[in-house]
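Below are the chains, spelled out letter by letter.
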Amino acid sequence: MANYSTSEFRSGMKVMLDGDPCSILDNEFVKPGKGQAFNRVKLRNLRTGRQWERTFKSGETLEGADVMDRVMEYLYADSEFWYFMESDTFEQYQADAAAIGDSHLWLKENETCDVTLYNGAPLSVAPPNFVELEIVETDPGLKGDTATGGTKPARLSTGAVVKVPLFISTGEVVRVDTRTGEYQSRASKS
Amino acid sequence: MHWQPAANLGAIRQRAALLATLRRFFAARDVLEVETPLLCSQGITDPQIEPFVLSQGAALTAPRFLQTSPEYAMKRVLAAFGEPIFQIARAFRNGELGARHNPEFSLLEWYRPGFDHHQLMDEVADLVQECLGARPLEKFSYRQLFLERLAIDPFTASIAELETLARRHLDPGDLTGDRDLWLDLLMSHVLEPALGDGCYCFIYDYPTSQAALARIVAAADVRVGQRFELYVDGVELANGYCELTDAAEQRRRFERDNAVRRERGLSERAVDEYLLAALEHGLPECSGVALGIDRLLMLATGASRIQDVLAFDWQRC
C-alpha cells in the first residue's frame, strides 16, 4: 500500500497504526508561529472500534491499510464462522467471532449488512440500523394493556434480549434499533 | 471546480472595514505605513518555517524566496530612519495549511522605537480592543502560566518530566524530541485552547530556546527571551519581541538555527547579510510585533475556519 503523509490525511482514509487498521476521522494542523508543526488526528481503530486522538509531527507518514467496505448478504452461521455473500459477485466470506463482535445478536438470514474487509477478510460487520426479529420467549402478554408503559424482557430468535411493552407476546415479530438495542414497534405485517 | 469566493460578501466587507480601522489606528499614532518586497534574495534560517522558493524567471540570477514575514526588511528601514513603522503585507509559509493556516496570509507588523515589550503589549491590547471590542486583559509570564495551569516549571523540569506530563494529557505515540518539542505540545494542545477565553491573554518571557529574535535578559534565577504572544478565544493572534539589536548575537542565532537544521536533516540557509549589516549600523532599541489579520477577521466574524474569511483560499486559487 502507498504511504500517506500527515498533509494528505483526509477523513475516511484507512491507515495502519500500531499494527491495526484505522480510519481517519479528522485531521487538524497545529502550529505555533514560532514552534514545531503537529497534526492532531482523530482516528478509529477498525479492529477494536476505539476512537481517540493521536498527535504526529507534521510530515510523518503512515502506511495505507487495505480496507474496503462492502455491502453483503448474511447467509448462515456454523459453530465457528458467520458466512456472508457479495450479491454482485456471489463471492462468499467467513467472519470469525472477533469480526462479528456483538453484531451476531442482530443478524437475520438474507439481510444485507456492511462488511469491512481488511486484507480481503472480514474485519467487522455492521447490521442494518433496524431489523425485524421474532420473539421466542417472554412472559405472557397482558391483553389490552397498551397504556401503562411498563416493559418486560423478551428473547429474540437471534438470542438478543430486548425490553418490550407488556402487551407483546411470544411469536410476535418486533422491530429493533440495532445501534441502541431498543424496541421500536411491532413489525409491519407483510 | 469552485470559481466562487470562499468568503461571503459580509466577510469581504468586514475585511475592508478592518483594514481601514488598522490604518486609522496607526495614522492617529503617527506610525508610518511602509511597503517592502515580497520576493527577497535572502530566506530565513528558522528551522520551523519553510519558504516558497522561486527559481525560474529572466530577472533571476539566483533563486528568490517569497517572504515568510516582512521582519528583516522592516528592521532595515528602522535602522536607516528610526521612525515607528507598520506594514500590512502578504506572507507565505510553505506547508502550513489547516483551519487556522493558509500558506498565503495577511500580516500586520509594526515596530516601536523606544518601547519595551510590555509597552508594546499595551498598544497591541489597544488595537485589538478597537477591532474586537472591550474585554479584560490577562498577563502571565510563560513560567507562571505553566506553574499555575500545569504545576510544572518549564525552565527547570527535566525533559522526562515534561514528556510524562504531556503523555498524561495526549497521545503522541512514539514521538521523540527535545525539550521544546514537549513544551510546544503542552502549549499548543493543553494550554492554548483555554487561553483568552473571554479576555485578551498575553504570555511573555519565553525560554531562551524559544526567544527567536527577542532580546535575552536575566530575570530572577533564569534567563528569558523577551518575547510575547497574544491569545484570544484559544487562537494565537500575535507574536512580538523586545528586539535583539546586537549584530554578533544575531549572527550566532542564525548559526544555531542552521545547526538545528543540520541535525534535523534540513538544508542550511544563507544568513541575511543585509539584516546583519543593518544591525552593525545600529538598530534603535525597539519592540515589534506581527499580528495575523485573517485570524483577527475570524475572531471578528466568528468564523471557525480561515477559508471563510479569504476571498480565495489555497484550494481555490
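Rules behind the numbers
Residues numbered from 1 in each chain as written. Chains lettered and ligands numbered in written order. Predicted model: local features only at pLDDT ≥ 70, side-chain atom pairs only at ≥ 80, totals over all residues. Heavy atoms only, no water. Helix = DSSP H or I, 4+ residues; strand = E, 2+ residues; numbered from the N terminus. Rg over C-alpha atoms; globule rule 2.2 N^0.38 Å. Contact = heavy atoms within 4.5 Å. Areas by Shrake-Rupley, 256 points an atom, 1.4 Å probe, with all protein chains shown as cover. Lys, Arg positive; Asp, Glu negative; His and termini not counted. Charge placed at Lys NZ, Arg CZ, Asp CG, Glu CD. Buried < 20%, exposed > 50% of the residue type's maximum accessible area, 1.4 Å probe, protein only. Pairing = 2+ DSSP bridges. Axes fitted to C-alpha atoms, helices over the stretch in contact; angles between N-to-C directions. Buried area = accessible area lost by both parts, 1.4 Å probe. Salt bridge = Lys/Arg side-chain N within 4 Å of Asp/Glu carboxyl O. Polar contact = N/O pair within 3.5 Å; in protein donor to acceptor, adjacent residues only side chain to side chain.

(A) Structural context of the overall build of chain B. When its secondary structure is counted, chain B shows nine helices and 12 strands. In terms of C-alpha radius of gyration, chain B reaches 20 Å, essentially the compact-globule figure of 20 Å for 317 residues. Referenced to the eigenvectors of the C-alpha coordinate spread, the extents of chain B come out at roughly 50 × 45 × 45 Å. Restricting to contacts in chain B with at least 6 residues of sequence separation, those with at least 24 account for 69%. For chain B, the accessible surface area stands at approximately 14,100 Å², while carbon and sulfur atoms represent 52% of it. Side-chain charges in chain B split into 33 positive and 46 negative, and the spacing between the mean points of these groups amounts to 3 Å.

(B) Structural context of the overall build of chain A. A count of helices and strands for chain A gives one helix and 16 strands. Relative to a compact globule of 190 residues, whose C-alpha radius of gyration would be 16 Å, chain A shows 22 Å and is clearly more extended. With 190 residues in all, chain A has 44% of them scored as buried. Looking at chain A alone, contacts between residues at least 24 apart form 45% of all its contacts between residues at least 6 apart. Accessible surface, chain A as shown: approximately 10,100 Å² in total, 46% of it carbon and sulfur. Positive and negative charge centroids in chain A, built from 21 and 29 side chains respectively, lie 9 Å apart.

(C) Molecular detail of the sheet that holds strand β14 (residues 161–165) of chain A. All names here are of chain A. One open sheet accounts for five strands, arranged β14-β13-β12-β15-β16; its pairing is antiparallel. The sheet terminates laterally at β14 and β16 (182–186), the two strands that pair on one side only. Here the average twist between neighbouring strands, direction ignored, is 55°. Pairing analysis gives three bridges linking strand β12 (residues 130–138) to strand β13 (residues 151–156), with the strands arranged antiparallel. Directly across from T138, in β13, lies its bridge partner A154.

(D) How the structure looks around the interface of chain B and chain A. Listed per partner, the contact involves 28 residues of chain B and 17 residues of chain A. Together chain B and chain A conceal approximately 2,000 Å² of surface at their shared face, both sides included; 52% is due to carbon and sulfur atoms. For chain B, the biggest contributors to the area lost against chain A are Q48(B), D171(B) and H189(B); these three give 27% of the whole. On inspection of chain B and its partner chain A, the count reaches three salt bridges. The closest approach of N and O atoms between D46(B) and K34(A), which form a salt bridge, is 4.0 Å. Connecting chain B to chain A are eight residue pairs in polar contact (both at pLDDT 80 or more). At the level of secondary structure, the elements contributing two or more residues to the side of chain B that touches chain A comprise α6 (179–191) and β11 (235–242) of chain B. The biggest single contributor to the side of chain B that touches chain A is α6(B), with six residues.

(E) Geometry of the pairing of β13(A). Residue and element names in this part refer to chain A. Burial of the side chains of β13 is restricted to one face: K152, A154 and L156 are buried, whereas none of T151, P153 and R155 on the reverse face is. Bridge count between β13 and β14: five bridges; the pairing is antiparallel. Following the sheet pairing, T151 is matched in β14 by P165. Turn length for the β13-β14 hairpin, with the two strands adjacent in sequence and antiparallel, is four residues, and the turn residue G159 shows positive phi of about 100°.

(F) Fine view of the pattern of salt bridges. Summed over the entire model, instances satisfying the criterion amount to 35 salt bridges over all chains. For E96(B), the salt bridge identified is with K31(A), shortest N-O distance 3.5 Å. Separated into two different chains, E96(B) in the loop between β5 (85–92) and β6 (104–113) and K31(A) in the loop between β3 (20–30) and β4 (38–45) make up a pair that spans both. With respect to burial, E96(B) and K31(A) carry one shared label: buried. Residue R112(B) pairs with E123(B) through a salt bridge whose shortest N-O separation is 2.6 Å. Of this pair, R112(B) sits in strand β6 while E123(B) sits in helix α3 (residues 117–132), and the two are 11 residues apart along the sequence. E123(B) shares its class with R112(B); the two are buried. Residues joined in a network through salt bridges with shared partners are R29(B), R112(B), E123(B) and D126(B).

(G) Quick peek at the side chain of E86(A). The topology assignment puts E86(A) in strand β8 (residues 82–86). In this structure E86(A) touches R70(A), V71(A), M72(A), E91(A) and Y93(A), once residues within four positions along its chain are discounted.

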